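The chain contents come next:
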Amino acid sequence: MKILMVTGGTGGHIYPALALADYIKEHKGYPVTFIGNEDRMEATLIPEKGYAFYGLKTSGLAGSIVKKGKAVFQSLRAINKAKAILKKENPDVIIAFGGYVSLPVCIAAKKLKKKVILHEQNSIAGKANKMASRYADCVIICYENARKDFPNNKVLLLGNPRATLASKHAFNQASFDALGLDSSKPLGLIVMGSLGSSSVAHKLKEILPNIQDVNFLYVAGKNNMDSAQELVADNVKVVDYVDQLAIIDAFDFVICRAGATTAAELAASGTLSILIPSPFVANNHQYYNAKAMVDDGYAFMIEEKDVDEKHLQNYIETYICKPDLAKKMKEAAIAHGFQDACQNIVEVIEKI
Ligand SMILES: CC(=O)N[C@H]1[C@@H](OP(=O)(O)OP(=O)(O)OC[C@H]2O[C@@H](n3ccc(=O)[nH]c3=O)[C@H](O)[C@@H]2O)O[C@H](CO)[C@@H](O)[C@@H]1O
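The structure displayed is predicted, hence computed values, not measured ones. (Residues numbered from 1 in each chain as written. Predicted model: local features only at pLDDT ≥ 70, side-chain atom pairs only at ≥ 80, totals over all residues. Heavy atoms only, no water.)

1. Some remarks on the packing of aromatic side chains
Let me state the cut-off plainly: Classification of ring pairs uses Phe, Tyr and Trp, with its six-membered ring standing for Trp, and accepts pairs whose centres are within 6.5 Å; under 30 degrees between planes counts as stacked, over 60 as edge-to-face, and the remaining range as tilted. We count a stretch as a helix when DSSP gives it H or I for four or more residues in a row; a strand needs E for two or more, and each element gets its number in order from the N terminus. With a 1.4 Å probe rolled over the protein chains alone, any residue whose accessible area is under 20% of its type maximum counts as buried; one over 50% counts as exposed, and the rest are partly exposed. Placement of a charge over a ring requires the Lys NZ or Arg CZ to be within 6 Å of the ring centre, with the centre-to-atom vector within 35 degrees of the ring normal.
Following the criterion strictly, the structure yields 8 aromatic pairs and no others. Ring geometry for phenylalanine 34 and tyrosine 51: centres 5.3 Å apart, planes at 65°, overall edge-to-face. Of the two residues, phenylalanine 34 is situated in strand 2 (residues 32-37) and tyrosine 51 in the loop between helix 2 (42-48) and strand 3 (52-56); the sequence distance between them amounts to 17 residues. Just as phenylalanine 34 is buried, tyrosine 51 falls in that class too. With a centroid separation of 6.3 Å and an interplanar angle of 75°, the aromatic rings of phenylalanine 216 and phenylalanine 253 are classed as edge-to-face. Highlighted residues: phenylalanine 216 in strand 9 (residues 215-219) and phenylalanine 253 in strand 11 (residues 253-256), separated in sequence by 37 residues. Like phenylalanine 253, phenylalanine 216 is buried. Above the face of the tyrosine 241 ring, lysine 222 is positioned so that its terminal group lies 4.7 Å from the ring centre.

2. Let's talk about the sheet that holds strand 6 (residues 138-141)
Quick reminder of the rule: Strand pairing is defined by DSSP finding a minimum of two bridges between the two strands. For every element, the axis is a line fit to its C-alpha atoms; helices are fit only across the contacting stretch, and the angle between N-to-C directions ranges from 0 to 180 degrees. For this analysis, residues touch if any pair of their heavy atoms sits within 4.5 Å.
Ordered by their spatial adjacency, 7 strands build an open sheet running 3-2-1-4-5-6-7, and the pairing between neighbours is parallel. Each edge of the open sheet is held by one strand with a lone partner, namely strand 3 and strand 7 (155-157). With strand direction ignored, the average angle separating the axes of adjacent strands in the sheet is 20°. The sheet contacts of helix 15 (residues 341-351) involve strand 1 (3-6), strand 4 (93-96), strand 5 (115-120), strand 6 and strand 7, and relative to strand 5 the element is tilted by about 160°.

3. Concerning the packing of helix 1 (residues 11-27) against helix 6 (residues 161-168)
The relative placement of two packed helices comes down to the angle between their axes together with the axis-to-axis distance. Stated formally: Geometric relationships in this document are graded by angle, where less than 35 degrees denotes roughly parallel, more than 145 denotes roughly antiparallel, 65 to 115 denotes roughly perpendicular, and other angles denote oblique. Should the near helix be turned counterclockwise from the far one by less than a right angle, the crossing is left-handed, whereas a clockwise turn marks it as right-handed.
Contact geometry for helix 1 and helix 6: axes closest at 7 Å, N-to-C directions at 70°. Taken together, the axis directions place helix 1 and helix 6 in an arrangement best described as roughly perpendicular. Helix 1 and helix 6 meet at a crossing whose hand is left-handed. Contacts from Tyr15, Pro16, Ala19, Leu20 and Tyr23 in helix 1 reach Pro161, Arg162, Thr164 and Leu165 in helix 6.

4. Description of the domain arrangement of the protein chain
As a reminder of what qualifies: Reported domain spans reflect what an automatic or database domain assignment gives. Here the quantity called buried area is the total loss of accessible area, with a 1.4 Å probe, experienced by two parts when brought into contact, counted for both. Any Lys or Arg side-chain nitrogen located within 4 Å of an Asp or Glu carboxyl oxygen qualifies as a salt bridge. Whenever two N or O atoms come within 3.5 Å, that pair is a polar contact, provided that in protein one can donate a hydrogen and the other can accept it, and provided that, for residues adjacent in sequence, both atoms are side-chain atoms. The classification used treats Ala, Val, Leu, Ile, Met, Phe, Trp, Tyr, Cys and Pro as nonpolar, Asp, Glu, Lys and Arg as charged, and all other residues, Gly among them, as polar.
Structurally, the protein chain comprises domain 1 (3-159 + 339-351) and domain 2 (171-335). Centre-to-centre separation of domain 1 and domain 2, based on C-alpha positions: 29 Å. Taken together, the contacts link 12 residues of domain 1 with 15 residues of domain 2. Across the interface of domain 1 and domain 2, roughly 1100 Å² is buried in total on both sides, 53% from carbon and sulfur atoms. Our count for the contact surface shared by domain 1 and domain 2 stands at 0 salt bridges. Our enumeration of links across domain 1 and domain 2 arrives at 6 residue pairs in polar contact (both at pLDDT 80 or more). In the side of domain 1 that touches domain 2, the residues fall into 5 nonpolar, 7 polar and no charged.

5. Things to note about the pairing of strand 3
One face of the sheet, then the other: side chains in a regular strand alternate in exactly this way. Going by this rule: Place the viewer so that the strands point away; then a crossover is right-handed whenever the path from the first strand over the helix to the second strand goes clockwise.
Strand direction decides the pairing type here: strand 2 and strand 3, joined by 5 bridges, are parallel. Considered in strand 3, the bridge of glycine 36 is made with glycine 55. The handedness of the strand 2 to strand 3 crossover, carried by helix 2, is right-handed.

6. With respect to the UniProt feature "domain: Glycosyltransferase family 28 N-terminal" (unreviewed entry) in the protein chain
Here is the rule we go by: UniProt positions are given in the numbering used here, feature names are shortened, and annotations may be inferred rather than shown by experiment.
Following the UniProt record, the feature "domain: Glycosyltransferase family 28 N-terminal" (unreviewed entry) maps to residues 3-140 here. Here residues 3-140 runs as 47% helix and 20% strand, with 16 Å between its end C-alpha atoms.

7. Details of helix 12 (residues 285-295)
Applied cut-off: As used here, the arc belongs to the directions running from the helix axis to the C-beta atoms.
Of all the residues in helix 12, the buried ones are His285, Gln286, Asn289, Ala290 and Met293. Angular distribution of buried residues about the axis of helix 12 spans 140°; they occupy a single face of the element. Elements in contact with the buried residues of helix 12: helix 11 (260-269), strand 12 (273-275) and strand 13 (300-301). Where helix 12 ends, the next residue or the one after it, glycine 297, has phi of about 80°, a positive value.

8. Considerations on the packing of helix 6 against helix 11
Across the interface, helix 6 lies against helix 11 with an axial gap of 8 Å and an inter-helix angle of 40°. Put simply, helix 6 runs oblique to helix 11. In this structure, helix 6 crosses over helix 11, and the sense of that crossing is right-handed. From helix 6, Arg162, Ala163, Ala166 and Ser167 reach across to helix 11, where they touch Thr261, Ala264, Glu265, Ala268 and Ser269. Grouping the amino acids of the contact of helix 6 with helix 11 by side-chain chemistry returns 4 nonpolar, 3 polar and 2 charged.

9. Remarks on the side chain of arginine 162
Tracing the backbone through its elements, the reader meets arginine 162 in helix 6. A distance of 2.6 Å separates a polar atom in the side chain of arginine 162 from a polar atom in the side chain of glutamate 265. Once residues lying within four places of it in the same chain are set aside, the contact partners of arginine 162 are Tyr15, Pro16, Ala19, Leu245, Thr261 and Glu265.

Printed below as a string of structure tokens:
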């Protein structure tokens, strides 16, 4: 069986696809090829991981009439290019992980009568996935809430492939030691998704130095290192990137955005979190990702507008000073973790 995956734009769409591809390679040996945007992070990340990669030029349907017109024109060209790639590669199944690059590939796939599976990471579906669902044979979701965004007879709630990876992740002592953190105090990891956040960095710079009983590692994101430098303090180290899953076990809690892939990893690995959902995403979907986690009893949430010392200190103390409650929350996280996501998705691929 040959599989082709479509993914792109941000880590939250790319890492789940890579996790599934690695699982398929290890357990089934089926070849996997990728299509993504020719000018986004996937164009380097995916070939670096050893997979064949085809790039398309696409952009989102947003902004001025001229920009929208350009996006439509690019999509039409992308459909033709995708058709040529699909004819050459001749995959049995196409799995699309969202982002606007998915849509032209799904359209091309259906024109060639190929089987299409969509993967939606978020609790509110993205625009591209909603449009692509009419060309899909099956839609895999990670939150019950996303079911209503798709034709009900196509939906399966199976979770995010990164959950499987997170449940099996190996702590890497050398990666942790290289960070040079003082672990004689509780440790907090702060990571703002694959793109970072300058607005949260700006708020935290006033707050973190006052929480002296915790040492923090702030992961800024490669494009935010300048604004993040203002955070450096006795108890705060700043780096641009970490392999989140390799070091997460060393931390007592994580403060982070509520990107769906990070959220899936937190649940599957039983990691305690304080979520600050990004207010700058489509349909406020991170708020709803976070709300589902809070409702299921395994995370706290502070909206960005409410981030202050009192709120943060309050939640941090709960994790550190109430071990019984922290243990209960960890158990609730693991119970909602979809640790078998990869195995269950592969069964669907084989059946389809
Ligand atoms: C601004 C934006 O549009 N964000 C979206 C994007 O988030 P974003 O790309 O930030 O994705 P997530 O937070 O969901 O996932 C980030 C991934 O990168 C990894 N990682 C990240 C930083 C780092 O230093 N090290 C590291 O290993 C994490 O372990 C995780 O696997 O896609 C998500 C999934 O569709 C959406 O829910 C988010 O709303």
